[in-house]
Amino acid sequence: MTDSGTVAAVHVAPESGAPVVERASVEAVAGRGLRGDRYFEDRGTFSQSANDIPRDITLIERETLERVERDYDIALSPGEHRRNVTVSGVALDHLVGRRFRVGEVVCEGVERCEPCSYLERSLEKRGIREAMVHRGGLRARIVESGTIAVGDAVETDE
């Protein structure tokens, strides 16, 4: 994998614990999040700690989901991982602390998006937390607003 790839899927969840909704595109608002997502309205499970760690957007690698299925026999349907954007061909860990572009949107990688016990409980799939440790995706800040759509390029600004 490289530092560039493509958007494979886009998901939002309107409320904490609500099923995710797949979208062809979504509006990303700087310092706020994805319009229509729970964190945009400060209604996410971890909204209370959002001041310390920006939760504007979360991303996950499609290749990770394929490895989890292969190595742990745990299949996740699209969006079930509860990350907003699924990408292909880009190594997200390399983007921590870096600016990158997703379609029209400029983001800055904040930290790995490690799986939590909430994910394992809500999915009722034993072992999913262990399977996704250190490969649960990326939490990022939206620096410049715009639209993210399936098929958009994901590229570093450097």
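Everything that follows concerns the structure shown earlier in this document.
Residues numbered from 1 in each chain as written. Predicted model: local features only at pLDDT ≥ 70, side-chain atom pairs only at ≥ 80, totals over all residues. Heavy atoms only, no water.

(A) Structural context of the packing of aromatic side chains. Within this structure, the stated rule accounts for zero aromatic pairs. The residue whose ring lies beneath Arg32 is Phe40, and the NZ or CZ to ring-centre distance is 4.1 Å. (Phe/Tyr/Trp six-rings, centres within 6.5 Å; stacked < 30°, edge-to-face > 60°. Lys NZ or Arg CZ within 6 Å of the ring centre and 35° of its normal.)

(B) Geometry of the pattern of salt bridges. The full count for this structure, using the stated rule, is seven salt bridges. When the shortest N-O distance is used, the salt bridge between Arg112 and Asp93 registers 3.2 Å. Note that Arg112 is positioned in strand S8 (residues 105–112) and Asp93 in the loop between strand S6 (85–90) and strand S7 (99–102), a separation of 19 residues in sequence. Classification of Arg112 by relative accessible area gives partly exposed; the value is 35%. In this structure, Glu111 engages Arg139 in a salt bridge whose closest nitrogen and oxygen atoms are separated by 2.5 Å. Here Glu111 is found in strand S8, whereas its partner Arg139 is found in strand S9 (residues 138–144), with 28 residues between them in sequence. Exposure remark for Glu111: the relative accessible area of 27% places this residue in the partly exposed category. (Salt bridge = Lys/Arg side-chain N within 4 Å of Asp/Glu carboxyl O. Helix = DSSP H or I, 4+ residues; strand = E, 2+ residues; numbered from the N terminus. Buried < 20%, exposed > 50% of the residue type's maximum accessible area, 1.4 Å probe, protein only.)

(C) The arrangement of the sheet that holds strand S10 (residues 146–149) in detail. Strand order in this open sheet of three strands is S4-S3-S10, and the pairing throughout is antiparallel. Of all strands in the sheet, those with a lone pairing partner are strand S4 (33–34) and S10, marking the two edges. (Pairing = 2+ DSSP bridges.)

(D) The side chain of Ser88, seen in detail. Among the secondary structure elements, Ser88 is positioned in strand S6. By relative accessible area, which is 12% here, Ser88 ends up buried. A polar atom in the side chain of Ser88 sits 2.8 Å from the side chain of Arg62. Of the polar contacts made by the side chain of Ser88, one reaches the side chain of Glu63; its length is 3.1 Å. (Polar contact = N/O pair within 3.5 Å; in protein donor to acceptor, adjacent residues only side chain to side chain.)

(E) Representation of helix H1 (residues 62–72) in the model. Burial in H1 covers these residues: Glu63, Thr64, Leu65 and Val68. Asp73 sits one or two positions beyond H1 and adopts a positive phi of about 55 degrees.

(F) Expanded view of the nonpolar core. Among the nonpolar cores identified, the biggest contains 22 residues, and Leu34, Ile57, Leu59, Phe100, Val102, Cys107 and Ile148 are the most heavily contacted of them. Listed by contribution, the elements that provide at least two residues to this core are strand S1 (3–12), strand S3 (25–29), strand S5 (57–61), S6, S7, S8 and S9. (Core = buried A, V, L, I, M, F, W, Y, C linked by side-chain atoms within 4.5 Å.)

(G) Structural detail: the pairing of S1. When S1 meets S6, the two strands line up antiparallel, connected through five bridges. Note on S6: the bridge partner recorded for Val10 is Val85. As paired strands, S1 and strand S2 (residues 21–23) are joined by three bridges and run antiparallel to one another. Paired with His11 across the bridge in S2 is Glu22.

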